[in-house]
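Here is what each chain is made of, one letter per residue.
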Amino acid sequence: MILDATAGNRSMWQYKDSEHIIYIDMEKKLTIKPTIFCSNTNTPFPNSIFDVIFYDPPHFYNDKGSFYSIPDAKTFMEKWQGYGAVPRYYGGDKYKTQVSLLRHVFDAQKEMHRILKDDGLLWLKWNETYITIHTILHLFDRWQVMLQLPIRLSNPNRTQKQTYWVCMSKKKSKEVQMQL
C-alpha cells in the first residue's frame, strides 16, 4: 500500500486517482480532495501498514498569496488567470517561521517511521528554496539515505533552486541487526 503524505492537489501525480494510493492532507479547501483529511504528524493508521510513503512537504514558510499558497481552483483562477485550473498547492502558508516548518517536518518523519513497514521506503522531495537538503536530512535521524537524486532543470536560471528526490529506509536498531 502507498501513502501520499502531502497530497495537496495531487500535482506530482500524472494519474490523480489511483486505487493503490491513500492521499492525505489537512487542507480542507483543496480542489482535489484527499482520501482522508488529517495531519501527517498524527495519522489514523495502525503501525507498519505502508510499503511506500511519498512526502513532499512545503519547502518554504510565511507564504501569503503566492502561486503555491492557494489551495482551491476558484480563488486560484481569480488571482492567477491563465495558469491552469488546478493549483499546485504546497502549504507554505501554514508555517509562519522556519522553526515551525522544521518542527513539522521532524514530527511528520516520526509519524511516517511509525506507519511504514520495516522494509518499506520513504521518498522525500525537497527544494532548497530557503533550507538546504543537508539541514532537512539532519531531521531524519531514524532513516538511512539509500539514494539522493538531484533533479536537473531543463531551463535553469539564477532564481531556481535545486530540487532533490531522496529515497530512505528505516534504520535498524542494534538488536535487530544482531539477530540477523
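So, a few notes on the structure that sits alongside this text.

1. Examining the overall build of the chain
Helix and strand counts for the chain come out as four helices and seven strands. Order of helices (α) and strands (β) in the chain, N terminus to C terminus: β-β-β-β-α-α-β-α-β-β-α. Classification of the 180 residues of the chain by burial places 44% in the buried group. Here the analysis covers contacts within the chain between residues at least 6 apart in sequence; of these, 62% occur between residues at least 24 apart. Of the accessible surface of the chain, which amounts to about 10,400 Å², a share of 53% is contributed by carbon and sulfur atoms.

2. Here we look at the pattern of salt bridges
Proximity of charged atoms lets side chains of opposite charge pair with each other. Applying the stated rule across the entire model yields six salt bridges. Residue R10 pairs with D17 through a salt bridge whose shortest N-O separation is 3.6 Å. For R10, a relative accessible area of 6% corresponds to the buried category. For D17, a relative accessible area of 55% corresponds to the exposed category. For K117, the salt bridge identified is with D51, shortest N-O distance 2.9 Å. Here K117, found in strand 5 (residues 116-127), pairs with D51, found in strand 4 (residues 50-55); they are 66 residues apart in sequence, far enough to count as distant.

3. Quick notes on a nonpolar patch on the surface
On the surface, a cluster of nonpolar side chains totalling about 320 Å² of accessible area is made up of M146, L147, L149 and I151. Inspection of the secondary structure puts L147 in strand 6 (residues 143-151). You can call L147 partly exposed: its relative accessible area is 36%.

4. Overview of the sheet that holds strand 6
Across the sheet, seven strands lie side by side as 3-2-1-4-5-7-6; this open sheet has mixed pairing. Looking at strand neighbours, the two that pair on one side only are strand 3 (36-37) and strand 6, the edges of this open sheet. Pairing of strand 4 with strand 5, which is carried by five bridges, proceeds in the parallel orientation. The residue bridging F50 from the neighbouring strand is L116, located in strand 5.

5. Overview of the nonpolar core
If you look at the biggest cluster of nonpolar residues, it comprises 29 residues, and the most contacted ones within it are L3, I53, Y55, L122 and F140. The greatest single-element share of this core, amounting to six residues, is contributed by helix 2 (residues 98-115). Setting aside anything within four residues of it in sequence, one finds I53 in contact with L3, A5, M112, I115, L116, L121, L122 and W123. Counting seven residues, the second-largest nonpolar core is a separate cluster that includes A7, W13, V52 and F54.

Parameters at a glance
- Residues numbered from 1 in each chain as written.
- Predicted model: local features only at pLDDT ≥ 70, side-chain atom pairs only at ≥ 80, totals over all residues.
- Heavy atoms only, no water.
- Helix = DSSP H or I, 4+ residues; strand = E, 2+ residues; numbered from the N terminus.
- Buried < 20%, exposed > 50% of the residue type's maximum accessible area, 1.4 Å probe, protein only.
- Contact = heavy atoms within 4.5 Å.
- Areas by Shrake-Rupley, 256 points an atom, 1.4 Å probe, with all protein chains shown as cover.
- Salt bridge = Lys/Arg side-chain N within 4 Å of Asp/Glu carboxyl O.
- Patch = residues over 30% accessible without salt bridge, like charges linked within 9 Å, V, L, I, M, F, W, Y side chains within 5 Å.
- Pairing = 2+ DSSP bridges.
- Core = buried A, V, L, I, M, F, W, Y, C linked by side-chain atoms within 4.5 Å.

Everything listed here is a matter of coordinates, which is why it stays silent on function.
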